[in-house]
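Residue-level listing of the chains:
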Number of protein chains: 4
Amino acid sequence: MIKIEPKDTAILLMHCPDRKGLVVHVTEFIDNNNGNIISLDEHVDREEGIFFMRIEWELGGFLIPRDKIGEFFGTQIAAKFNMTWNIYFTNIKPRMAIFVSKMSHCLYDILARHHSGEWEVEIPLIISNHSNLEPVAKKFNIPFEEFPISKDNKSEQEKKEIALLKKHKISFVVLARYMQIISDDFIRQFPNKIINIHHSFLPAFPGAKPYHSAYQRGVKIIGATSHYVTADLDAGPIIDQAVTRITHRDPVENLVMKGRDVEKLVLSKAILMHIQRRTLVYNNRTIVFA
Amino acid sequence: MIKIEPKDTAILLMHCPDRKGLVVHVTEFIDNNNGNIISLDEHVDREEGIFFMRIEWELGGFLIPRDKIGEFFGTQIAAKFNMTWNIYFTNIKPRMAIFVSKMSHCLYDILARHHSGEWEVEIPLIISNHSNLEPVAKKFNIPFEEFPISKDNKSEQEKKEIALLKKHKISFVVLARYMQIISDDFIRQFPNKIINIHHSFLPAFPGAKPYHSAYQRGVKIIGATSHYVTADLDAGPIIDQAVTRITHRDPVENLVMKGRDVEKLVLSKAILMHIQRRTLVYNNRTIVFA
Amino acid sequence: MIKIEPKDTAILLMHCPDRKGLVVHVTEFIDNNNGNIISLDEHVDREEGIFFMRIEWELGGFLIPRDKIGEFFGTQIAAKFNMTWNIYFTNIKPRMAIFVSKMSHCLYDILARHHSGEWEVEIPLIISNHSNLEPVAKKFNIPFEEFPISKDNKSEQEKKEIALLKKHKISFVVLARYMQIISDDFIRQFPNKIINIHHSFLPAFPGAKPYHSAYQRGVKIIGATSHYVTADLDAGPIIDQAVTRITHRDPVENLVMKGRDVEKLVLSKAILMHIQRRTLVYNNRTIVFA
Amino acid sequence: MIKIEPKDTAILLMHCPDRKGLVVHVTEFIDNNNGNIISLDEHVDREEGIFFMRIEWELGGFLIPRDKIGEFFGTQIAAKFNMTWNIYFTNIKPRMAIFVSKMSHCLYDILARHHSGEWEVEIPLIISNHSNLEPVAKKFNIPFEEFPISKDNKSEQEKKEIALLKKHKISFVVLARYMQIISDDFIRQFPNKIINIHHSFLPAFPGAKPYHSAYQRGVKIIGATSHYVTADLDAGPIIDQAVTRITHRDPVENLVMKGRDVEKLVLSKAILMHIQRRTLVYNNRTIVFA
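Quantities reported herein were computed from a predicted structural model and do not represent experimental measurements.

Visitor: What exactly am I supposed to notice about the overall build of chain A here?
Guide: Counting its secondary structure elements, chain A contains eight helices and 13 strands. Here the analysis covers contacts within chain A between residues at least 6 apart in sequence; of these, 66% occur between residues at least 24 apart. When the accessible surface of chain A is split by element, carbon and sulfur atoms take 50% of a total near 11800 Å². Between the mean site of the 37 positive side-chain charges and the mean site of the 34 negative ones, chain A shows a separation of 4 Å.

The following block contains the structure:
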């Protein structure tokens, strides 16, 4: 296996009204403080007049101590340009909770990647509304918590789930074919921090049973969409999409089977982009600095 | 260039309620009359209980004369099994009319293929509601007829178009980014014989301006769909679909540009499948024996 | 989940010199004995003059008893047309052995599919030249046997492996990133029954370290190839291939990571085709009746 | 159609040994002189220790006059960091010559795009070693010059071609399925300015007749590669690649037909990237700031 030195870098994600000199000011801030920029990605949405940037630099020798960088950047740069921003450090792994129901393919794909060290992420917790996948969680020694959901207990159960997520200092949630609608209250607690996989190339076939609808419509491609969850069901900002070809020979069960492969890759791609701090949501669209 | 002997074959396309022995009876009919089957594709839709088949055989030495094959097959086989069927002969080229408006990319792609001999098809006629593409038609020496359409004259103009199509013995019509809705009366004259290209991966973004909608929705793939035209707009049986990836860096005009490449390939693929008699429509879905 | 009735069908795979009437004779054999054909795929290689067919029929009510079908078909049909053929019954699951070394992604993908019931296959055995993946095998309760290979013991170890495969009645072997060359003797015991995954789009980058070579060459796509193993390294008949796009931003370790996703899908696709008896090898090329 | 304001921008492409502060110095140069950066793409090749950048800014209000920018940048910035660089202005269209032989699909694709205004490029000249495609050139009113090539006259004919290219102030050459090897002398005159399309996914199947070789090898995907031409045949820096799926049903002539669609898109993509100054060659690899 290839050996990669663990990185010690800072990543800034920001957006603000576009104007001249933004790149200069940000890069000077890093350069003047002895930071070595190793990656810079910027984008201007001309229609909206908004500037977006992701910038990553090495912290070795950086003059400002790690826990002060945010304060300095906020005071000297972000305030001046009315920036919305976040800073991340690659030595701190994000903590991901996985929600599942009965289908195992996305869960296995995630756990196999985690197990083989492909991702810089912690998985302290798997939550489910059913017990079916508890054995899978056990195989990988990850705590599994069951919260059966009914119309009557939903609000109460979600409160317990949220408490558990907070207790485990979860930084983002992945719905890996979790077959329950998350309430708006829950979503508000994790804005742009809940990733869902929908089993169609949205906006085609939102809602339940998209493969059955795809079969009925006679499409020649099926797909999957990973997106951040918003209050508007299946309408949140899209992170990644992919498709696969089908033919008239494929009955619905083949669509389900072929779709699973697309789902797991599209979800894992979204997780990777999120972990690497490559995503920025604005106006219900996701900028992915891939 | 590769030299291919012009084929002299017959192609039967059929469907009927499924039952035992269908393949045997059809292949025996051909074999007993000294035909050499060179291709056989069958499909059973188990949900609907319908059998579909495309079978092609060489006519050299076939006992039944060409103009009697239909009668014999209809009497001896098709009637017995309640088949819906058509027979085609590869020595007779289908005759295609192209409808265009102002955009040239699909038209150029079609004419370049025709000009280089890629397709076994005649193109006696290009029809448009605008004069913009007349120079393109002229480059390729294909008659160009302009029928400007307004709310008031639509019905009258369509009648003239239909008359012209009949006069030219047109066997199928291709709407190559024709920006006018065809009336139901027109469609009824050419059932499953009008091919349209829609510039989205249907059923996502039906109607006008799909690229603008795709941009607004923030999708990560765009696509195109070729389909037979039915009275239900953008809902006809799909022949082919394809997609291409986009990113946040692509403004709408890039989507339009990247989409053009998908559109022209998806339309040309549908035309090829139609010309080679590989398509069968049933229940608003298209079987493509590719 | 979709419920699918377990099938009780027979599948015949055959090839022979092409001549008139082959389809008729085979379909008549099935029809006359009261079999209901549910799928027929044929192909004629015109250059070689060879006819290939896969035909599947329901055994309920078939006049010839299961264990006599081969004898009857061989005597009445295959002998007459000089056919090479095999018959399979879907009520008997093939038995697959997996060979691995240190990388887990293909193994996880296979075991997750098996565990969720996606494939009609038994996996009685995992063999490795290293102990690294024993914990993965254990997670799924599959016997794991380690056979460390050195220059000196290779022949002897392979003999033991073959004995073990025979003992377990293994019908085919999957090399899931097994990093050892299999000897010709071994291969001869399992002709067209060993499936390998090579981590490049062959014939580009055969041999070791294809991702490093791909990086050096500056290609814009990388891929993977599943193929039957022959004595000629990386030159066996290809079953499936797929690719993914890369850019100048991808260092070698990204190629390795992105490649893993292609590898596991391409290998699993090949296994599915093999299990469903959809592959036929002729002249170092694989016909895949997909 | 979408109306896009013609841009008046400058584009700098540069590379140099990596060190701290490069982005800052270049962006300051533009910012201090009142330029508005509209796009910045940088890349560091860590293995080689080389920094690459493409930066584009609006010239309206820029303090340095257009014809002095190069001198100022060269003196103040490039010299200090040992940069290799080029500056381009979007108000000056590059001038492209097309070389063809007998196949028309790439030529049609290029001319159709040019005709519809898709590209900001001039095409003053088409050169061929055969007369076959003269009618295509005529359709689009582009001068066509025939230079038949034999072993005896090659050197002499190439000299005439080069003279013609210089006379027409050609800035880059496109070999659109030109079936002649260009001599090293010719190539040296246009370093990284000759784009070729090769009809395989290189490095698989270099040389002549790649589709025949692909058929023989039994691959399941075919492809095409656009690259800059170097003295080493089919080994120049790759700009773009794409593939398409084939099956056992595709004879060689189908590979040729399906391949044409890939070839024309991959070549046109490379041309677009070149025209938009998005390509940088280093160490026989192409950075494409797409």
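Read on, since the account is not over.
Visitor: Explanation requested: the state of the cysteines in the structure shown.
Guide: What we call a disulfide is simply a covalent bond connecting the sulfur atoms of a pair of cysteines. Counted according to the given criterion, the structure contains zero disulfides over all chains. This cysteine, C106(C), is not joined by any disulfide, and C106(A) carries the nearest cysteine sulfur, 18 Å off.

Visitor: Quick question: what am I supposed to make of the sheet that holds strand β10 (residues 221-228) of chain D here?
Guide: Sheet strands line up and pair through hydrogen bonds in the backbone, either parallel or antiparallel. All names here are of chain D. Strand order in the open sheet formed by seven strands is β7-β6-β5-β8-β9-β10-β11, and the pairing between neighbours is mixed. A strand with exactly one partner marks an edge of an open sheet, and here the two such strands are β7 (144-146) and β11 (238-245). Between one strand axis and the next, the sheet turns by 20° as a mean value, whatever way the strands run. Two strands pair when backbone bridges link them, and strand β5 (residues 95-100) and strand β8 (residues 172-175) are joined in this way by four bridges, in the parallel orientation. In the strand pairing of β8, F99 is matched with L175. Here helix α5 (residues 154-167) sits on the sheet in contact with β5, β6 (122-128), β7 and β8, set at roughly 170° to β6. The strands that helix α8 (residues 252-275) touches are β5, β8, β9 (194-198), β10 and β11; relative to β10, the one it contacts most, it runs at about 30°.

Visitor: Can you walk me through the interface of chain B and chain A in this structure?
Guide: When the parts of a complex come together, some accessible area is lost, and that lost area is often taken as the interface size. Contacts between the two partners involve 35 residues from chain B, matched on the other side by 35 residues from chain A. Taken over both partners, the interface formed by chain B and chain A buries close to 3000 Å², and the fraction arising from carbon and sulfur atoms is 49%. For chain B, the biggest contributors to the area lost against chain A are R217(B), H248(B) and R285(B); these three give 23% of the whole. Counting across the chain B and chain A interface gives four salt bridges. As a salt-bridge pair, D41(A) and R249(B) come within 2.7 Å of each other at their nearest N and O atoms. Linking chain B with chain A are 26 residue pairs in polar contact (both at pLDDT 80 or more), by the criterion used here. Within the residue set of the side of chain B that touches chain A, elements represented by two or more residues are β2 (36-45), α7 (210-217), β11 (238-245) and β13 (285-288) of chain B. A class-by-class count of the residues in the side of chain B that touches chain A yields 16 nonpolar, eight polar and eleven charged.

Visitor: How should the pattern of salt bridges be read in this particular structure?
Guide: As a working rule, side chains carrying opposite charge can pair if their charged atoms are close by. Per the counting criterion, the structure on display carries 65 salt bridges over all chains. As a salt-bridge pair, E118(D) and R260(B) come within 3.0 Å of each other at their nearest N and O atoms. Of this pair, E118(D) sits in the loop between α3 (105-115) and β6 while R260(B) sits in helix α8 (residues 252-275), placing the two residues on different chains. For the pair E118(D) and R260(B), a shared accessibility class is recorded, and that class is buried. Linked through salt bridges whose partners overlap, the residues forming this network are D109(A), R113(A), E118(A), R260(C), D261(C) and K264(C).

Visitor: Would you mind showing me how to read the relation of the copies chain D and chain A here?
Guide: Here two copies of a chain appear, and what relates them is a rotation about an axis with a shift along it. For the pair chain D and chain A, the superposition axis carries a translation of 0.0 Å, the fit reaches an RMSD of 0.0 Å, and the rotation angle comes to 180°. Such a combination of rotation and displacement between the chain copies is what one expects of a two-fold axis. Proximity to the rotation axis, assessed at the C-alpha, singles out V24(D) in chain D; its C-alpha lies 3.0 Å from the axis.

Visitor: Could you clarify how one ought to interpret the interface of chain D and chain A in this entry?
Guide: In this assembly, 17 residues from chain D lie in contact with 17 residues from chain A. Interface area lost by chain D to chain A is led by K20(D), V24(D) and L40(D), which between them contribute 30%. Where chain D meets chain A, there are zero salt bridges. The interface formed by chain D and chain A holds eight residue pairs in polar contact (both at pLDDT 80 or more) in total. Secondary-structure elements contributing two or more residues to the side of chain D that touches chain A are α1 (22-32) and β2 (36-45) of chain D. Considering only residue class, the side of chain D that touches chain A consists of four nonpolar, six polar and seven charged.

Visitor: So what exactly am I meant to see when it comes to the relation of the copies chain B and chain A here?
Guide: In the superposition of chain B on chain A (RMSD 0.0 Å, axial shift 0.0 Å), the rotation amounts to 180°. A shared binding surface is used by both copies, with 100% of the interface residues of chain B retained as interface residues in chain A.

Visitor: Quick question: what am I supposed to make of the packing of aromatic side chains here?
Guide: The geometry of an aromatic ring pair is captured by two quantities: the separation of the ring centres and the angle between the planes. Going through the model one piece at a time under the given rule, you end up with 42 aromatic pairs over all chains. For the pair F52(D) and Y282(D), a centre-to-centre distance of 5.5 Å together with 75° between the ring planes defines the contact as edge-to-face. Here F52(D), found in strand β3 (residues 50-58), pairs with Y282(D), found in strand β12 (residues 279-282); they are 230 residues apart in sequence, far enough to count as distant. Through successive ring pairs, a cluster of aromatic residues spans F99(A), Y178(A), F186(A) and F190(A).

Visitor: What is the right way to look at helix α7 (residues 210-217) of chain C in this model?
Guide: Given 3.6 residues to a turn, an α-helix orients residues that are three or four positions apart in the same direction. Buried residues of α7(C): P210(C), Y211(C), A214(C), Y215(C) and R217(C), and no others. For α7(C), the angular spread of the buried residues around the axis is 165°, confining them to a single face. Residues of α7(C) that are buried make contact with β9 (194-198), β10 (221-228) and α8 (252-275) of chain C together with β2, β11 and β13 (285-288) of chain D. Downstream of α7(C) by a residue or two, G218(C) has a phi angle that is positive, lying close to 75°.

Visitor: Would you mind going over the domain arrangement of chain A with me for this structure?
Guide: All names here are of chain A. By the assigned domains, chain A splits into domain 1 (9-89) and domain 2 (95-288). The straight-line distance from the C-alpha centre of domain 1 to that of domain 2 is 31 Å. Contact residues are listed per partner, giving twelve residues for domain 1 and nine residues for domain 2. Surface buried jointly by domain 1 and domain 2 totals about 960 Å² across both partners, of which 64% is contributed by carbon and sulfur atoms. Summed over the three residues of domain 1 that lose the most area to domain 2, namely L13, F52 and R54, the buried surface amounts to 43% of that side. Counting every contact that joins domain 1 to domain 2 gives one salt bridge.

Visitor: Is there a simple way to think about unusual backbone geometry in this case?
Guide: For residues besides glycine, phi is generally negative; the peptide bonds are generally trans as well. Backbone torsion omega between L202(C) and P203(C) reads 10°, so that peptide bond is classified as cis. Along the chain, P203(C) falls in the loop between β9 and α7. For N34(A), which is not glycine, the phi torsion reads 75° and is therefore positive. With respect to the helices and strands, the residue N34(A) is situated in the loop between α1 (22-32) and β2 (36-45).

Visitor: Would you explain the environment of R277(B) in this entry?
Guide: Residue and element names in this part refer to chain B. Mapping R277 onto the fold places it in the loop between α8 and β12 (279-282). Taking the relative accessible area as the measure of exposure, R277 reaches 15% and is therefore buried. Residues R277 and D31, 246 residues apart in the sequence, show an inter-C-alpha distance of 21 Å. Residues in contact with R277, not counting those within four places in the same chain, are I11, L13, R54, Y88 and P94.

Visitor: I tried to follow the packing of α1(A) against α1(D) on my own but got confused; where do I start?
Guide: The description of two helices packed together rests on the angle between their axes and the distance between the axes. Viewed as axis vectors pointing N to C, α1(A) and α1(D) meet at an angle of 145°, and their least axial separation amounts to 9 Å. Crossing hand, α1(A) versus α1(D): left-handed. When α1(A) is examined against α1(D), the residues V23(A), V24(A), T27(A), E28(A) and D31(A) are found in contact with a partner set consisting of V23(D), V24(D), T27(D), E28(D) and D31(D). Split by residue class, the contact of α1(A) with α1(D) holds four nonpolar, two polar and four charged.

Visitor: When you look at the sheet that holds strand β5 (residues 95-100) of chain A in this model, what are you seeing that I'm missing?
Guide: All names here are of chain A. Strand order in the open sheet formed by seven strands is β7-β6-β5-β8-β9-β10-β11, and the pairing between neighbours is mixed. Each edge of the open sheet is held by one strand with a lone partner, namely β7 (144-146) and β11 (238-245). Averaged over all neighbouring strand pairs, the angle between strand axes comes to 20°, with direction disregarded. Here β5 runs beside strand β6 (residues 122-128); their pairing, made up of five bridges, is parallel. In the sheet register, V100 faces β6, and the bridge partner there is S128. Across the face of the sheet, helix α3 (residues 105-115) comes into contact with β5, β6, β8 (172-175) and β9 (194-198) while running at roughly 165° to β6.

About the thresholds
- Throughout, residues of each chain are indexed from 1 in the direction in which the sequence is written.
- Chains carry letters and ligands carry numbers; both start at the beginning, A for chains and 1 for ligands, and go up in the order they are written.
- Restriction of local features to residues with pLDDT of at least 70 applies here, the model being predicted, together with a cutoff of 80 or more for giving and counting side-chain atom pairs; totals for whole chains, interfaces and linings are based on all residues.
- Side-chain descriptors were evaluated using all non-hydrogen atoms of the structure, hydrogens and water having been removed beforehand.
- Working definition: helices are DSSP H or I runs of at least four residues, strands are E runs of at least two. Numbering for both runs from the N terminus.
- Should any heavy atoms of two residues lie within 4.5 Å, those residues are counted as being in contact.
- What sets the accessible areas is the Shrake-Rupley method with a 1.4 Å probe; for residues, cover comes only from the shown protein chains.
- Neither His nor the chain termini are counted; the positive set is Lys and Arg, and the negative set is Asp and Glu.
- Taken as the charge centre is NZ of Lys, CZ of Arg, CG of Asp or CD of Glu, depending on the residue.
- By definition, disulfides here are pairs of cysteine sulfur atoms that lie within 2.5 Å.
- The criterion for strand pairing is that DSSP finds at least two bridges linking the strands in question.
- The convention used is that axes are lines fitted to C-alpha atoms, helices contributing only their stretch in contact, and that angles between N-to-C directions extend from 0 to 180 degrees.
- Defined in terms of a 1.4 Å probe, buried area is the accessible area two parts forfeit on being brought together, summed over both.
- Throughout this description, the term salt bridge denotes a Lys or Arg side-chain nitrogen within 4 Å of a carboxyl oxygen of Asp or Glu.
- Each polar contact in these results corresponds to two N or O atoms within 3.5 Å; when the atoms are within protein, one needs to be able to donate a hydrogen and the other to accept it, and residues that are neighboring in sequence are counted only if both atoms are side-chain atoms.
- Each residue is assigned to one class: nonpolar for Ala, Val, Leu, Ile, Met, Phe, Trp, Tyr, Cys and Pro, charged for Asp, Glu, Lys and Arg, and polar for all the others, Gly among them.
- Using a 1.4 Å probe on the protein chains alone, a residue whose accessible area is under 20% of its type maximum counts as buried, one over 50% counts as exposed, and one in between counts as partly exposed.
- Superposition of the copies was done by least squares, using only C-alpha atoms of residues whose pLDDT is at least 70 in both.
- Pairing of aromatic side chains requires ring centres within 6.5 Å, counting the rings of Phe and Tyr and the six-membered ring of Trp. Pairs whose planes differ by under 30 degrees are stacked, by over 60 edge-to-face, and all others tilted.
- As used here, the arc is the angular range of directions from the helix axis to the C-beta atoms.
- The start and end points of each domain follow an automatic or database-based domain assignment.
- Throughout, a crossing is termed right-handed when the near helix is turned clockwise from the far one, and left-handed when it is turned anticlockwise from it by less than a right angle.

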